[in-house]
Amino acid sequence: QVQLEESGGRLVQAGGSLRLSCASSGRTFSRSTMGWFRQAPGKEREFVAAVTWGGGNTYYAASVKGRFTISRDNAKNMVYLQMNSLKPEETAVYYCVAVSAGSWPEGLPLQWDYWGQGTQVTVSS
């Protein structure tokens, strides 16, 4: 069983930056594709970004491409989401996600096996 714990969410002004962190308890973290989702009030959960374990390739939602950067540190079992030029509509709970080790070495996973509890990001206008 993999446990994911997000941190770094807080109140930030529009146009500001924030870095979210996610710590994984998985002993096979280096073989797990990791990602971030978010859910705004009254909206469905949506994909934000992912980084594969096979080649470290990254994927982004069109709405965040060019402003957000996902990265991973396999030595620390950590994945990060650097968010720049934040917008009020990006106020949401941000979730760290992972797939089972060894699956989806490349490409964007169709399903995610593990979810964190989420961290609140609030962007004020």
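Calculation notes
Residues numbered from 1 in each chain as written. Predicted model: local features only at pLDDT ≥ 70, side-chain atom pairs only at ≥ 80, totals over all residues. Heavy atoms only, no water. Helix = DSSP H or I, 4+ residues; strand = E, 2+ residues; numbered from the N terminus. Rg over C-alpha atoms; globule rule 2.2 N^0.38 Å. Buried < 20%, exposed > 50% of the residue type's maximum accessible area, 1.4 Å probe, protein only. Contact = heavy atoms within 4.5 Å. Areas by Shrake-Rupley, 256 points an atom, 1.4 Å probe, with all protein chains shown as cover. Lys, Arg positive; Asp, Glu negative; His and termini not counted. Charge placed at Lys NZ, Arg CZ, Asp CG, Glu CD. Core = buried A, V, L, I, M, F, W, Y, C linked by side-chain atoms within 4.5 Å. Phe/Tyr/Trp six-rings, centres within 6.5 Å; stacked < 30°, edge-to-face > 60°. Lys NZ or Arg CZ within 6 Å of the ring centre and 35° of its normal.

Undergrad: Would you mind going over the overall build of the protein chain with me for this structure?
TA: When helices and strands are tallied, the protein chain shows 0 helices and 11 strands. Beginning at the N terminus, the succession of helices and strands in the protein chain can be written as β-β-β-β-β-β-β-β-β-β-β. Relative to a compact globule of 125 residues, whose C-alpha radius of gyration would be 14 Å, the protein chain shows 14 Å and is just as compact. Considering only C-alpha atoms, the protein chain reaches an extent of 40 × 25 × 25 Å along its principal axes. A burial count over the protein chain gives 44% of its 125 residues as buried. In the protein chain, the share of contacts with a sequence separation of at least 24, taken over all contacts with a separation of at least 6, comes to 60%. Counting only carbon and sulfur atoms, one obtains 46% of the accessible surface of the protein chain, whose full area is about 6,400 Å². Each charge class in the protein chain can be summarised by its mean position, and for the 12 positive and 9 negative side chains these summaries are 4 Å apart.

Undergrad: Would you explain the nonpolar core in this entry?
TA: Buried together is how nonpolar side chains tend to be arranged in soluble globular proteins. Trp36, Val79, Leu81, Met83 and Tyr94 are the most contacted members of the largest nonpolar core, which totals 34 residues. Elements with a contribution of two residues or more to this core: strand E3 (18-24), strand E4 (34-39), strand E5 (46-51), strand E7 (68-73), strand E8 (78-83), strand E9 (92-98) and strand E11 (119-124). Not counting residues within four places of it along the chain, the set of residues in contact with leucine 81 comprises Leu18, Arg19, Leu20, Trp36, Val48, Ala49, Phe68, Thr69, Ile70 and Tyr94.

Undergrad: Can you help me understand the packing of aromatic side chains in this one?
TA: Any aromatic ring pair is given by two values, namely how distant the centres are and how the planes are angled relative to each other. Scanning the entire structure with this criterion turns up 4 aromatic pairs. Consider the rings of phenylalanine 37 and phenylalanine 47, whose centres lie 5.7 Å apart with planes at 75°: the pair is edge-to-face. Of this pair, phenylalanine 37 sits in strand E4 while phenylalanine 47 sits in strand E5, placing them 10 residues apart in sequence. There is no split in this pair, since phenylalanine 37 and phenylalanine 47 are both buried. Arranged with centres 6.3 Å apart and planes meeting at 70°, the rings of tyrosine 95 and tryptophan 115 form a pair that is edge-to-face. In this pair, tyrosine 95 sits in strand E9 while tryptophan 115 sits in strand E10 (residues 114-115), placing the two residues 20 residues apart along the sequence. Tyrosine 95 gets classed as buried once you look at its relative accessible area, which sits at 12%. Judged by its relative accessible area of 33%, tryptophan 115 is partly exposed. Three or more aromatic residues joined by ring pairs make a cluster, and in this case those are Phe37, Phe47, Tyr95, Trp112 and Trp115. The ring centre of tryptophan 53 lies 5.4 Å from the NZ or CZ of arginine 31, which sits over that ring. The ring of phenylalanine 29 has arginine 72 sitting right over it, with the charged end atom 4.7 Å from the ring centre.

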